[in-house]
Amino acid sequence: VSLVRWTECVGLPLVHRDLTTLTLRTPAGKSLTYTVLQIFPFTSETKRMGIIVKEESTGEIVLYMKGADTVMSSMVEYNDWLEEECINLAQKGLRTLVVARKVLTAEQYTHFEQRYTAAKLSVTERGSRVAAVVESLECDLELLCLTGVEDKLQTNVKQTLELLRNAGIKIWMLTGDKLETATCIAKSSRLVSPNQGLHVMGNVSTRREAHLELNALRRKSDSALIIKGDALETCLQYYEHELMDLAVQCPAVVVCRCSPTQKAAVVRLIQRHTRKRAAAVGDGGNDVSMIQAADAGIGIVGKEGKQASLAADFSIEQFQHIARLCLVHGRNSYKRSAALSQFVMHRGLIISTIQAIFSSIFYFSSVALYQGFLMVGYATFYTNFPVFSLVLDHDVSPNIALTYPELYKDLTKGRSLSYKTFFVWVLISIYQGGVLMYGAMLLFEDELIHVVSISFTSLILTELLMVGLTVRTWHPLMIVAQFLSLGFYALSIIFMHYFDWDFIKSKDFFWKVVVITLVSCLPLYILKFLRRKFTPPTYSKLEELNTFGSSSLTQSQP
């Protein structure tokens, strides 16, 4: 698109284009019409594309080719300026394309078309035969020009990379660009700081060269690594473990001249050697294999199309959105999933404990303590809304999470969902189940139905209070869910006639339920208070600091 707009600026606009024809207008106002005879699309393997057109006025048939300098340099006629100019443009951070052409006679094109059609109709090895026929034309091309297009960085790329680094996330850049272009982009995006040392691994083709390069990298402790794709393959062939051990310690790694297959291989290599989760971010079709190989694929909808975003787990519009995706939404998703999964487990385990104790008291009989609709109501209307309202909880505000990205490092320790938290919730469930059952058995008087009414009401209240104990930031819908569950339970007691209504209305029922509920929940609330008082989490300190800073700023206003 940039090249077509540039030709329009210099007086040669593209007037019309469809599948079979294209029309240009010269500065003199004359229209040039071309018929498209063949198109050879771009692939990541060939790194070039071509088109054969026929000018209607003269009948001239021309093959035009454009592609990467690495493949086009061997196809064009001898010249003494292409390589030097490619390096000059790459050092400025421009993406280069070599453009060449070849004039074909009518006989040459007819002969080519016959062989090309036969290759496309072949039953076996069709791809290789078609490629061989096309390659027969791709020789002795006339070099027309070398183009350099600026690949502009999106807004806030530098700040986003800085946030992710402060959050403890290692960043590797995998690109198909030339070494000079990749280095320029890495510096301009601040992936590599200007005063940071660089270790460049360019031409490495033997085991000895790979050994020498790794020794040199080992001596440079705080240098960013820039390595070409073929050098990477050589090092991985002989010294895979040594290379990965050194690379993961580098502050930044840039892999240039990297094919789509290599990108996916590098992602899998990182996963295998570090045993860490890898997220791959890309915006083009060349990034699809890498995105699909990663634990979390992030596709950016850009000017290169939607292939990456369609293949990814998450689709975003701007690179800067990655910071919010990881530091805010990623944090909330992990914390909420941990709380919800453990609370669902607690909800089932506590009622199982009550049933187990009841059966053991009555000589391990198979009689169910809670019958019919009580069990159905417990699993649905009585506790569902408060428990699942935990997905609205968050420990820090988005502003705090983005201002202090270091908070993200705590998540990598896995403390919110671990064996320790699992066994803590198991102990809580056993303790509360025992208190509810033994408390009801100690306080009941005449009929067994009173045990059911006291223990089940205390169970419902305990679950609602435990949700309140787990919540870190109250949301209005959480309060609605609490009262909604209480309302459902109260209405079911009135209209479903589960229990003895006279006993439910008595003071004995009220104080016994209150005592049992307090014994089951109050110690946990006290422990939570003492823990927040003497060993508060980092985020609570930051919230207080942020609140104090805002109030001080408000008071200082004239």
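Everything discussed here concerns the structure shown above.
Please read all numbers here as calculations on a predicted model, not as lab measurements.

Undergrad: Could you clarify how one ought to interpret the sheet that holds strand β12 (residues 279-282) in this entry?
TA: Backbone-to-backbone hydrogen bonds pair the strands of a sheet. The strands run either parallel or antiparallel. Spatially, β12-β13-β14 is the arrangement adopted by the 3 strands of the open sheet, whose pairing is parallel. Because the sheet does not close on itself, it has two edges, and the strands there are β12 and β14 (314-316). Within the sheet, the average angular offset between the axes of one strand and its neighbour, ignoring direction, is 20 degrees. Where β12 and strand β13 (residues 296-300) come together, 4 bridges link them in parallel fashion.

Undergrad: It is not clear to me how the nonpolar core should be interpreted in this structure. Could you clarify?
TA: One broad trend across soluble globular proteins is that nonpolar side chains are buried collectively. By size, the foremost hydrophobic cluster in this structure holds 33 residues, and its most contacted members are L225, I227, L232, C235, V253, V255 and V267. Listing elements by their share of this core, those giving two or more residues are α8 (207-219), β10 (224-228), α9 (229-247), β11 (253-256), α10 (260-274) and α11 (288-293). Of all the elements, α9 adds the most residues to this core, at 8 residues. Once you skip the residues sitting within four places of it in the chain, I227 turns out to touch M201, L232, V254, V255 and C256. Counting residues in each nonpolar core, the second largest holds 31 residues, with Y370, I454, L459 and Y498 among its members.

Undergrad: Help me understand the pairing of β10, please; the structure alone is not making it clear to me.
TA: Across a regular strand the side chains alternate sides, sitting on one face of the sheet and then on the other. Of all 5 residues making up β10, 4 are buried, and the element is well covered by its neighbours. Two strands pair when backbone bridges link them, and strand β9 (residues 198-201) and β10 are joined in this way by 4 bridges, in the parallel orientation. When the bridges of β10 are listed, L198 appears paired with A224. Viewed along the sheet, the connection from β9 through α8 into β10 turns out right-handed. Judged from the 4 bridges that link them, β10 and β11 form a sheet pairing that is parallel. The partner of I227 across the bridge, within β11, is V255.

Undergrad: Hey, could you run me through the sheet that holds strand β5 (residues 61-67) in this one?
TA: Pairing in this open sheet of 7 strands is antiparallel, and the strands run β1-β2-β3-β4-β5-β6-β7 from one edge to the other. Strands with a single pairing partner mark the edges of an open sheet, and in this sheet they are β1 (14-17) and β7 (142-150). Here the strands of the sheet are splayed against their neighbours by 25 degrees on average, with no regard to which way each runs. Summarising the sheet, strand β2 (residues 21-25) and strand β3 (residues 31-40) pair through 5 bridges and their orientation is antiparallel. Bridge assignment links L24 to a residue of β3, and that residue is L32. Across the sheet, helix α3 (residues 82-91) is in contact with β6 (94-104) and β7; its angle to β7 comes to roughly 10 degrees.

Undergrad: In this structure, what is going on with the packing of aromatic side chains? I would like to understand it.
TA: Geometrically, a pair of aromatic rings is defined through the distance of the ring centres and the angle of the planes. Counting across every chain of the model gives 14 aromatic pairs. Measuring from centroid to centroid gives 6.1 Å for Y382 and F456, while their planes differ by 75 degrees, and the two rings are edge-to-face. One end of the pair, Y382, is in the loop between α14 (373-379) and α15 (384-388); the other, F456, is in helix α19 (residues 448-470), and 74 residues separate them in sequence. Each ring, one from F422 and one from F423, has its centre 5.2 Å from the other, and the planes form 70 degrees; the classification is edge-to-face. Judged by relative accessible area, which is 48%, F423 ranks as partly exposed. The structure contains a cluster of three or more aromatic residues connected by ring pairs, namely Y370, Y378, Y382, F456 and Y489.

Undergrad: Would you mind going over helix α20 (residues 476-496) with me for this structure?
TA: For the α-helix, the turn length of 3.6 residues means that residues three or four positions removed from each other point alike. Between its terminal C-alpha atoms α20 stretches 29 Å, which fits the 30 Å expected from 21 residues at 1.5 Å a residue. Taken as a whole, α20 has its buried residues at M478, A481, Q482, S485, Y489, S492 and I493. Buried positions in α20, seen along its axis, are confined to an arc of 105 degrees and lie on one side of it. Exposed side of α20, more than 90 degrees from the buried face: P476, F483 and F495 are the residues found there. Immediately downstream of α20, the backbone of H497 shows phi near 55 degrees, a positive value.

Conventions used here
- Residues numbered from 1 in each chain as written.
- Predicted model: local features only at pLDDT ≥ 70, side-chain atom pairs only at ≥ 80, totals over all residues.
- Heavy atoms only, no water.
- Pairing = 2+ DSSP bridges.
- Helix = DSSP H or I, 4+ residues; strand = E, 2+ residues; numbered from the N terminus.
- Axes fitted to C-alpha atoms, helices over the stretch in contact; angles between N-to-C directions.
- Core = buried A, V, L, I, M, F, W, Y, C linked by side-chain atoms within 4.5 Å.
- Buried < 20%, exposed > 50% of the residue type's maximum accessible area, 1.4 Å probe, protein only.
- Contact = heavy atoms within 4.5 Å.
- Right-handed = clockwise from strand over helix to strand, strands pointing away.
- Phe/Tyr/Trp six-rings, centres within 6.5 Å; stacked < 30°, edge-to-face > 60°.
- Expected span 1.5 Å × (residues − 1).
- Arc of directions from axis to C-beta.

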